[in-house]
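Below, each chain spelled out in residue letters.
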Amino acid sequence: MRAFIVAVIVGLGSLPRAIAWGAAGHEIVATIAQSYLDPQVLNTVCSILSSDPSVDQVRGDGAPCYLSTVATWADKIRFRARWSAQLHFINGAGDHPPDDCRYPGPDGWQGKERANVLDAVHNVSSILTDFAQGSSSSGAPELAQEALKFLIHFIGDMHQPLHLTGRDRGGNSDKVHWDNRVTNLHSVWDSALIAKAIRLTPRNYTRPVALPTLESSFRDAIYDPYIRRIIWEGFGSDQVSGRWGSEADSWLECPSPESAVAAQWAPQEVLAAPRKPRPRSGPPLTSDSDVICPYGWTAPIHKLNCDVVWPPELDNPETHGRAPRREYLELDTPKYTGRIEKEWIVEKLLAQGGVRLAGILNYIFAPQQ
Ligand SMILES: *[C@@H]1O[C@H](CO)[C@@H](O)[C@H](O)[C@H]1NC(C)=O
Ligand SMILES: *[C@@H]1O[C@H](CO)[C@@H](O)[C@H](O)[C@H]1NC(C)=O
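Parameters and conventions
Residues numbered from 1 in each chain as written. Chains lettered and ligands numbered in written order. Predicted model: local features only at pLDDT ≥ 70, side-chain atom pairs only at ≥ 80, totals over all residues. Heavy atoms only, no water. UniProt positions renumbered as here; feature names shortened; annotations may be inferred. Salt bridge = Lys/Arg side-chain N within 4 Å of Asp/Glu carboxyl O. Helix = DSSP H or I, 4+ residues; strand = E, 2+ residues; numbered from the N terminus. Buried < 20%, exposed > 50% of the residue type's maximum accessible area, 1.4 Å probe, protein only. Expected span 1.5 Å × (residues − 1). Axes fitted to C-alpha atoms, helices over the stretch in contact; angles between N-to-C directions. Parallel < 35°, antiparallel > 145°, perpendicular 65-115°, else oblique. Left-handed = near helix turned anticlockwise from the far one by under 90°. Contact = heavy atoms within 4.5 Å. Nonpolar A, V, L, I, M, F, W, Y, C, P; charged D, E, K, R; others polar. Near = heavy atom within 4 Å. Areas by Shrake-Rupley, 256 points an atom, 1.4 Å probe, with all protein chains shown as cover. Polar contact = N/O pair within 3.5 Å; in protein donor to acceptor, adjacent residues only side chain to side chain. Phe/Tyr/Trp six-rings, centres within 6.5 Å; stacked < 30°, edge-to-face > 60°. Disulfide = S-S within 2.5 Å.

The chain appears in an unreviewed UniProt entry as Phospholipase C/P1 nuclease from Russula ochroleuca. The Sequence similarities (unreviewed entry) comment attached to the chain in UniProt states, word for word, "Belongs to the nuclease type I family."

Attention now goes to the pattern of salt bridges. For the structure on display, the rule yields 15 salt bridges. R229 is paired through a salt bridge with E233; the nearest N and O atoms lie 3.2 Å apart. Taken together, the residues R229 and E233, both in helix α10 (residues 224-235) and 4 residues apart, mark about one turn of the helix. A relative accessible area of 25% means that E233 is categorised as partly exposed. Through salt bridges with shared partners, one network takes in D100, R102 and D107.

Moving on, we get to helix α15 (residues 345-364). End to end, α15 covers 29 Å across 20 residues, agreeing with the expected 28 Å (1.5 Å per residue, within 8%). Extensive coverage of α15 is indicated by the burial of 19 of its 20 residues.

We now examine the packing of helix α6 (residues 141-158) against α15. It is the contact of α6 with α15, at a shortest axis distance of 9 Å, that shows an interaxial angle of 150°. On the basis of their axis angle, the class for α6 and α15 is roughly antiparallel. Handedness of the α6/α15 crossing: right-handed. Residues L148, L151, I152 and I155 of α6 touch α15, and the partners they reach there are G353, L357, I360 and L361. Looking at the contact of α6 with α15, its residues break down into 7 nonpolar, 1 polar and no charged.

Another aspect to go through is the site of ligand 1. All residues in the neighbourhood of ligand 1 are listed as W83, L87, N123, V124, I127, L143, E146 and F150. When ligand 1 sits alone it has 360 Å² of accessible area, and the protein chains cover 69% of it. For the shell around ligand 1, the secondary structure elements donating two or more residues are α5 (117-132) and α6. Residue classes in the shell around ligand 1 are distributed as 6 nonpolar, 1 polar and 1 charged.

The environment of ligand 2 is formed by N204, Y205, V209 and W232. Separating an oxygen atom of ligand 2 from a side-chain N or O atom of N204 is a distance of 2.2 Å. In the model, a nitrogen atom of ligand 2 is placed 3.1 Å from a nitrogen or oxygen of the Y205 side chain. Across the complex, the protein chains shield 46% of the 360 Å² of accessible surface that ligand 2 would expose by itself. Taken together, the residues of the shell around ligand 2 break down into 3 nonpolar, 1 polar and no charged.

Scanning the entire structure with this criterion turns up 11 aromatic pairs. Ring plane angle 75° and centroid distance 6.1 Å describe the contact between Y36 and F235, whose orientation is recorded as edge-to-face. With a gap of 199 residues between them, Y36 in the loop between α2 (17-35) and α3 (39-49) and F235 in helix α10 connect regions that are remote in the sequence. For F235, a relative accessible area of 23% puts it in the partly exposed group. Measuring from centroid to centroid gives 5.4 Å for Y103 and Y295, while their planes differ by 10°, and the two rings are stacked. Within this pair, whereas Y103 is found in the loop between α4 (73-76) and α5, its partner Y295 is found in helix α13 (residues 294-309), the two being separated by 192 residues in sequence. Overall, the relative accessible area of 8% leaves Y103 in the buried class. For Y295, a relative accessible area of 26% gives the class partly exposed.

Attention shifts here to unusual backbone geometry. A cis geometry characterises the amide bond from P97 onward to P98, with omega recorded as 5°. Each neighbour pair has its own omega, and for Y103 with P104 the value is -20°, a cis peptide bond. Within the secondary structure, P104 sits in the loop between α4 and α5. The backbone of R169 sits at a positive phi, close to 50°, despite the residue not being glycine. As for its placement among the helices and strands, R169 is situated in helix α7 (residues 168-171). Phi is positive for D220, close to 55°, though the residue is something other than glycine. Its place among the elements puts D220 in the loop between α9 (212-215) and α10.

Covalent bonding between the sulfur atoms of two cysteines defines a disulfide. In this structure the tally under the stated criterion is 3 disulfides. There is a disulfide in this structure between C101 and C306, and the S-S distance comes to 2.1 Å. Around the S-S axis, the bridge from C101 to C306 shows a dihedral of about 115° and counts as right-handed. Residue C101 is located in the loop between α4 and α5, and its partner C306 is located in helix α13; the two are separated by 205 residues in the primary sequence.

Okay, structure coming up:
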């Protein structure tokens, strides 16, 4: 294990900082999801991934594999598989946070039909469903493995608010300062906020907590203590109520027209769901089902762009992204970052991503009754 830790540290050191940290968000979502998987579902998922060389296969009584090891695969191939690059985000036409939030507005969505993160989640989920049900046409193991790796990644992207807006390429073109260093708004949300939270995680989370399935989902990564904190303080326990209280019970619900069915589903049931026949999904973007609900889940996340993510000061002529370098807006401030930290906005997005990824996988791969 020691050699492995050293390898991870060396690996981080040799990568550009931003890429290494951007990975953390995706890996955290995958790790949280793994801890909520039904043990039989975890076995199935691991067997689908087993031929992938990057997947850690663990012997003994640890987890059979770690989903986090494939969580950034989709970013690594996006330049080779150019067709997949547009599947990481979605843009409402005319969306312009913070003053005009459209998800979508009267002009619908931007870009090619079906080539966006919401449709991609439907696409890969239905490939996995076909595979789980053994229908031979689209049931090839390699296709299922690819679909699974995409799903693990796209659920993470869906929970990063700037993947849901096209303004300035999701904030990529907006130069800002972070702790006096030049970066951009997108990168602050992909990595800087998470990196800071990891760094500031209290020391009492470096030791295991009394959550066995969480602990067995860890592979000695730098963000493990941060995940312990998110789960411990976010969800609480039998003794103490967590920050999210009973709100978290609704994270798997789908506020869509079809949600009449969803109302009958307690989230705990979906997290370890028995297979039930579901209505086939309709046309893209309106096809949220009660279990796989990318539009309904992301609508409030998109709204965060107008509420907190996009600093109105970026539109002041003196401070916007084309201002002279020394004038870039500093975002690691009590006013901007302080609020995000206080309200646990990033922690909630990571936890929601993890819980929803687990819900989808538990549903698709639930052992046949
Ligand atoms: C659906 O997912 C499969 C598996 O990853 C991929 O090969 C295919 O191109 C995807 N289709 C669309 C329309 O995104
Ligand atoms: C760690 O310390 C904080 C107070 O700083 C406390 O609220 C939390 O419950 C502690 N966590 C554990 C796992 O003991």
